[in-house]
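If you want the building blocks of each chain, they are given just below.
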Amino acid sequence: GQDENNRWLMVANNDGSGAQIVETIGTNADKVEVNWSPNNQMVATYTESENFDNQNLYFIGLHGENFKSLTIDGRGFQSKWSPQGDGLLYSIYSSASDYKPTLWLANVQGDSVRMKKNLSINTWAEKCTFYNSETVYCAVPQKLESGAGLSPELARTTPDDIYEIDLTTGLANKLNVATGGHTAEKITISADGQYLYFTDINDGRLYQINLK
């Protein structure tokens, strides 16, 4: 709405029925990321600056729950939930990473944030997909310039490699598979883990990679 008092985070059924207000967002729409957790506890996140390199991340519950916040060590927050909704994969950039996007993992269960771990992989969360709660596949640019986190278009024509990340150990393995020099987005993986699919950000076409 044009009036800041008429801007809301809402949920509804697929057909638009059953609409209900979750939170008023006023002038903070740009700070709210709608991201429904698979365990149905949280429907969105809200970031608030603490200082130049740090932000507080708040989890917005479906029923007004007051979840514990998480301090994230950067800006440019993007995130994806694990299949069970107890892990949050996210990317941020900061002066410590030369303003390149870096992947982190946080274990989140209700009002408990048990762990926050830097995976030391320079890519965006939107270029990743969960295979299961322990394994993530990501398209990682072969080269990133300083400041790419602030200006993602700097990597728009940069070819990607595919990495398999073990979230239990934090180990990342660059797979010996060819992306054909494409810049990947919208990555998905088949249920049996045999095929990885992605679209090229530049031509919009769908591509397939055999993982096994």
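Up top you'll find the structure we're talking about.
This section reports on the structure supplied with the text.

The antiparallel open sheet is built from three strands, whose spatial order is β15-β16-β17. If you trace the sheet from one side to the other, it starts and ends with β15 (184-189) and β17 (206-210), each paired once. Pairs of neighbouring strands in the sheet enclose a mean axial angle of 25°, with direction left out of account. When β15 meets strand β16 (residues 195-200), the two strands line up antiparallel, connected through four bridges. Paired with T188 across the strands is Y197, a residue of β16.

As enumerated under the stated definition, the model contains one disulfide in all. Paired through a disulfide, C128 and C138 show a sulfur-sulfur distance of 2.1 Å. With the S-S dihedral at roughly 110°, the linkage between C128 and C138 falls on the right-handed side. Remark: C138 occurs in strand β12 (residues 135-141) and C128 occurs in strand β11 (residues 128-132); sequence separation between them is 10 residues. By relative accessible area, C128 is classed as buried at 0%.

A few words on the sheet that holds β12. Strands sit in the order β11-β12-β13-β14 across an open sheet of four strands; the sheet is antiparallel. Unpaired on one side and paired on the other, β11 and β14 (172-174) mark the two borders of the sheet. Taken pair by pair, the neighbouring strands of this sheet meet at an average axis angle of 25°, ignoring direction. In terms of strand pairing, β11 meets β12 through four bridges, oriented antiparallel. Note that in β12 the partner of C128 across the bridge is C138.

Assignment of secondary structure puts T129 in strand β11. Residue T129 is classed as buried on the basis of its relative accessible area of 11%. Ignoring anything within four residues of it in the chain, the contact list for T129 reads T135, V136, Y137, I187, T188 and I189.

Take unusual backbone geometry next. At D98, a position not held by glycine, the phi torsion is positive, near 60°. One can find D98 in the loop between β8 (87-93) and β9 (102-109).

Structurally, A12 is set in the loop between β1 (8-11) and β2 (20-24). We classify A12 as partly exposed; its relative accessible area is 46%. Excluding anything up to four places from it in sequence, A12 contacts S17, G18 and A19.

Each value, and the rule that gives it
Residues numbered from 1 in each chain as written. Predicted model: local features only at pLDDT ≥ 70, side-chain atom pairs only at ≥ 80, totals over all residues. Heavy atoms only, no water. Pairing = 2+ DSSP bridges. Helix = DSSP H or I, 4+ residues; strand = E, 2+ residues; numbered from the N terminus. Axes fitted to C-alpha atoms, helices over the stretch in contact; angles between N-to-C directions. Disulfide = S-S within 2.5 Å. Buried < 20%, exposed > 50% of the residue type's maximum accessible area, 1.4 Å probe, protein only. Contact = heavy atoms within 4.5 Å.

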